Amino acid sequence: MAIRLGDVAPDFTAETTEGVIDFHQWKAGSWAVFFSHPADYTPVCTTELGRTSALQAEFDRRGVKCIAISVDPLESHLGWAGDIGDVGGTDLNFPIIADPDKKVSELYDMIHPGEGDTSTVRSVFIIDPSNKVRLTLTYPKSVGRNFDEILRVIDALQLTDAAPVSTPVDWRPGDRVIVSPMMSTEDAKARFGEVEEVKSYLRWTPAPKV
Ligand code: BEZ
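Residues numbered from 1 in each chain as written. Predicted model: local features only at pLDDT ≥ 70, side-chain atom pairs only at ≥ 80, totals over all residues. Heavy atoms only, no water.

### Structural notes on the overall build of the chain
Counting secondary structure elements, the chain contains seven helices and eleven strands. Taken over the C-alpha atoms alone, the chain extends approximately 60 × 40 × 35 Å along its principal axes. Across the 210 residues in the chain, those meeting the buried criterion constitute 47%. Surface summary for the chain: the accessible area is close to 10,300 Å², and the carbon and sulfur share equals 51%. (Helix = DSSP H or I, 4+ residues; strand = E, 2+ residues; numbered from the N terminus. Buried < 20%, exposed > 50% of the residue type's maximum accessible area, 1.4 Å probe, protein only. Areas by Shrake-Rupley, 256 points an atom, 1.4 Å probe, with all protein chains shown as cover.)

Structural data, given as structure tokens:
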């Protein structure tokens, strides 16, 4: 069954490059980026996992743990790890799940038969500290993901959790935000100070400090 926003991310136990993990226990109150790649020793995937390792400080700063998965066996992941470090410039620093029996990939609906074979597509699940799925992305095998966008949506999720605001089109951290329609303009001014009303339903305020 499809996993929808707001669902509890299904728990599982799996073998990884960092030993056997229980997913919920492993993330233990952190945010998580759980993402699949089609296959080890392939070019796009190598760049994606290299970039994820290089961004570790950015993920740490946001309280986010990363974990990858493919249907390749553990020996393949362990052999490939050196290439990820060579290509991305940072040693692999997060676990990769080995899922040759496809148990976890199927649980998360990461195998899309129309996409060629029985490997995983490029799925992304952003999961919050209470294990709720907060964002999903699905990319085809031929298109690498943008990890700056993954960081950007984590920033937006964490900001909109912390204050009654939404982020507009093309929002970047530090940009102005939209006051929640649930809040009166009077209350918004009391909370945020500056509020610009463009329409009754579109009110801007500078990025709140959270
Ligand atoms: C790649 O990572 O380059 C790739 C993997 C599977 C299909 C297409 C591209």
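### A look at the side chain of asparagine 131
On the secondary structure map, asparagine 131 appears in the loop between strand 6 (122–127) and strand 7 (133–139). Side chain to side chain, asparagine 131 and histidine 24 meet in a polar contact 3.5 Å long. Setting aside chain neighbours within four positions, we find asparagine 131 in contact with Asp7, Val8, Ala9, His24 and Lys27. (Polar contact = N/O pair within 3.5 Å; in protein donor to acceptor, adjacent residues only side chain to side chain. Contact = heavy atoms within 4.5 Å.)

### Quick look at the side chain of arginine 152
Here arginine 152 shows up in helix 6 (residues 147–162). Under the relative-accessibility criterion, arginine 152 is labelled buried at 17%. Ignoring any residue separated from it by four or fewer positions in sequence, one finds arginine 152 in contact with Asp170, Trp171, Arg172 and Pro173.

### Notes on the site of the ligand
The immediate surroundings of the ligand are formed by Pro38, Thr42, Pro43, Val44, Cys45, Arg122 and Lys141. Valine 44 has a polar backbone atom sitting 2.8 Å from an oxygen atom of the ligand. In the environment of the ligand, an oxygen atom lies 2.9 Å from a nitrogen or oxygen atom belonging to the backbone of cysteine 45. For the ligand, the accessible surface in isolation is 260 Å², of which the surrounding protein chains cover 73%. The dominant element in the shell around the ligand, judged by the number of residues it contributes, is helix 2 (residues 43–54), at three residues. Per-class residue counts for the shell around the ligand are four nonpolar, one polar and two charged. (Near = heavy atom within 4 Å. Nonpolar A, V, L, I, M, F, W, Y, C, P; charged D, E, K, R; others polar.)

### Focus on the sheet that holds strand 11 (residues 202–205)
Pairing is antiparallel in the open sheet, where four strands are placed in the order 8-9-11-10. Each having just a single partner strand, strand 8 (165–166) and strand 10 (196–199) make up the two edges of the open sheet. Sheet topology places strand 9 (residues 177–179) next to strand 11; two bridges connect them, and they run antiparallel. Its bridge partner being in strand 11, valine 177 is matched across the sheet by threonine 205. (Pairing = 2+ DSSP bridges.)

### Observations concerning the packing of aromatic side chains
Applying the stated rule across the entire model yields ten aromatic pairs. Between phenylalanine 35 and phenylalanine 147, the aromatic rings sit 5.6 Å apart at their centres with planes inclined by 70°, giving edge-to-face as the arrangement. With phenylalanine 35 in strand 3 (residues 31–36) and phenylalanine 147 in helix 6, this pair connects stretches of sequence that are 112 residues apart. Here the two residues phenylalanine 35 and phenylalanine 147 agree in accessibility, since each one is buried. For the ring pair tyrosine 108 and phenylalanine 125, a centre distance of 5.1 Å and an interplane angle of 80° mean the geometry is edge-to-face. Of the two residues, tyrosine 108 sits in the loop between helix 5 (103–107) and strand 6 while phenylalanine 125 sits in strand 6, which places them 17 residues apart along the sequence. Neither tyrosine 108 nor phenylalanine 125 differs from the other in exposure class; each is buried. Taken together, the ring pairs connect Phe12, Phe23, Trp26, Phe34, Tyr108 and Phe125 into an aromatic cluster. (Phe/Tyr/Trp six-rings, centres within 6.5 Å; stacked < 30°, edge-to-face > 60°.)

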